[in-house]
Amino acid sequence: MKIGFIGLGNMGASLAKAVLQARPSDEILLANRSQAKVDAFIADFGGQASSNEEIFAEADVIFLGVKPAQFSDLLSQYQTILEKRESLLLISMAAGLTLEKLASLIPSQHRIIRMMPNTPASIGQGVISYALSPNCRAEDSELFCQLLSKAGLLVELGEGLIDAATGLAGCGPAFVYLFIEALADAGVQTGLPRETALKMASQTVVGAGQLVLESQQHPGVLKDQVCSPGGSTIAGVASLEAHAFRGTVMEAVKKAYKRTKKLGK
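These notes cover the structure that comes with them. These numbers were taken from a predicted model, which means no experiment stands behind them.

### Some points on the packing of aromatic side chains
Here's step 1: Counting across every chain of the model gives 5 aromatic pairs.
Here's step 2: Centre to centre, the rings of phenylalanine 5 and phenylalanine 63 are 4.5 Å apart; their planes meet at 5 degrees, and the pair counts as stacked. Of this pair, phenylalanine 5 sits in strand S1 (residues 3-6) while phenylalanine 63 sits in strand S4 (residues 61-64), placing them 58 residues apart in sequence. Comparing phenylalanine 5 with phenylalanine 63 shows no difference in burial state: the two are buried.
Here's step 3: When the ring of tyrosine 130 is compared with that of phenylalanine 144, the centres are 4.5 Å apart and the planes differ by 40 degrees; the resulting orientation is tilted. Linking tyrosine 130 in strand S7 (residues 126-132) with phenylalanine 144 in helix H7 (residues 138-147), this pair joins segments that are 14 residues apart in sequence. Comparing tyrosine 130 with phenylalanine 144 shows no difference in burial state: the two are buried.

Below, the structure is given as structure tokens:
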């Protein structure tokens with residue numbers, strides 16, 4: 001089996017790293033506008049240098065790591081090859097582009113998986129939501145999960161929920177990074193060295209998230225366990241609530257969701 005990657009940006013490269021942990025290096029074909037980026041990736045992680053044309057002609061599974069606005073031009077350029085080939089599995093990570101839209105750009109025999117990963121996939125701690133086109137085979141989901149088993153949590157959704165997952169998990173890391181930075185800044189403001197404050201803030205977020213997952217307790221219950229009557233934590237929580245912390249986070253996710261919907265039009 002040949003697996004192709006067209007586009008080795010931050011997300012494409014992260015997924016290629018994960019796939020290389022599951023499949024032999026000589027099965028992975030890599031193409032990018034910058035050949036230097038391909039060469040550097042291969043030197044660090046493996047894979048085979050290729051071209052867009054070769055990938056469309058030879059790969060059985062193709063990850064398309066290009067921006068939504070570039071999809072139509074890319075696929076139209078290789079229509080002749082796609083028309084001649086038997087059914088391929090094409091995997092899109094373009095925000096907002098629906099399965100219906102993607103299907104309109106390629107011959108009907110090809111299957112499509114629409115996915116939305118996030119950047120922690122680069123260290124095996126990502127969240128990847130995905131939806132399958134109606135003509136996908138029973139084994140396509142199994143293959144997809146096998147290829148990305150080292151990338152993180154895989155969540156199959158109805159396609160109507162992919163944009164919502166994008167707003168939450170796809171964009172969410174940026175919101176979390178802002179929170180980590182703010183925690184660290186507060187630590188510096190109250191006297192901690194910058195490096196120490198950043199390590200403490202980062203581990204606090206990692207540990208809190210892991211506790212939610214492993215304890216399976218509601219975050220509100222875990223929050224209450226930290227808030228002693230009249231104590232320091234409840235004073236901080238009251239300040240966050242006074243400044244609409246939860247409402248602000250919800251609004252950020254909603255804004256990201258609405259923007260994702262627009263990107264697909």
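### Notes on the pairing of strand S2 (residues 28-31)
Here's step 1: Judged by which residues are buried, S2 turns out to be covered on both faces: Ile28 and Leu30 on one side and Leu29 and Ala31 on the other are all buried.
Here's step 2: Of the pairings in the sheet, the one linking S1 to S2 comprises 4 bridges and is parallel in character. Its bridge partner being in S2, isoleucine 6 is matched across the sheet by alanine 31.
Here's step 3: Considered for its hand, the β-α-β crossover made up of S1, helix H1 (residues 10-20) and S2 is right-handed.
Here's step 4: Alignment of S2 against strand S3 (residues 48-49), held across 2 bridges, turns out to be parallel.

Conventions adopted
- Residues numbered from 1 in each chain as written.
- Predicted model: local features only at pLDDT ≥ 70, side-chain atom pairs only at ≥ 80, totals over all residues.
- Heavy atoms only, no water.
- Phe/Tyr/Trp six-rings, centres within 6.5 Å; stacked < 30°, edge-to-face > 60°.
- Helix = DSSP H or I, 4+ residues; strand = E, 2+ residues; numbered from the N terminus.
- Buried < 20%, exposed > 50% of the residue type's maximum accessible area, 1.4 Å probe, protein only.
- Pairing = 2+ DSSP bridges.
- Right-handed = clockwise from strand over helix to strand, strands pointing away.

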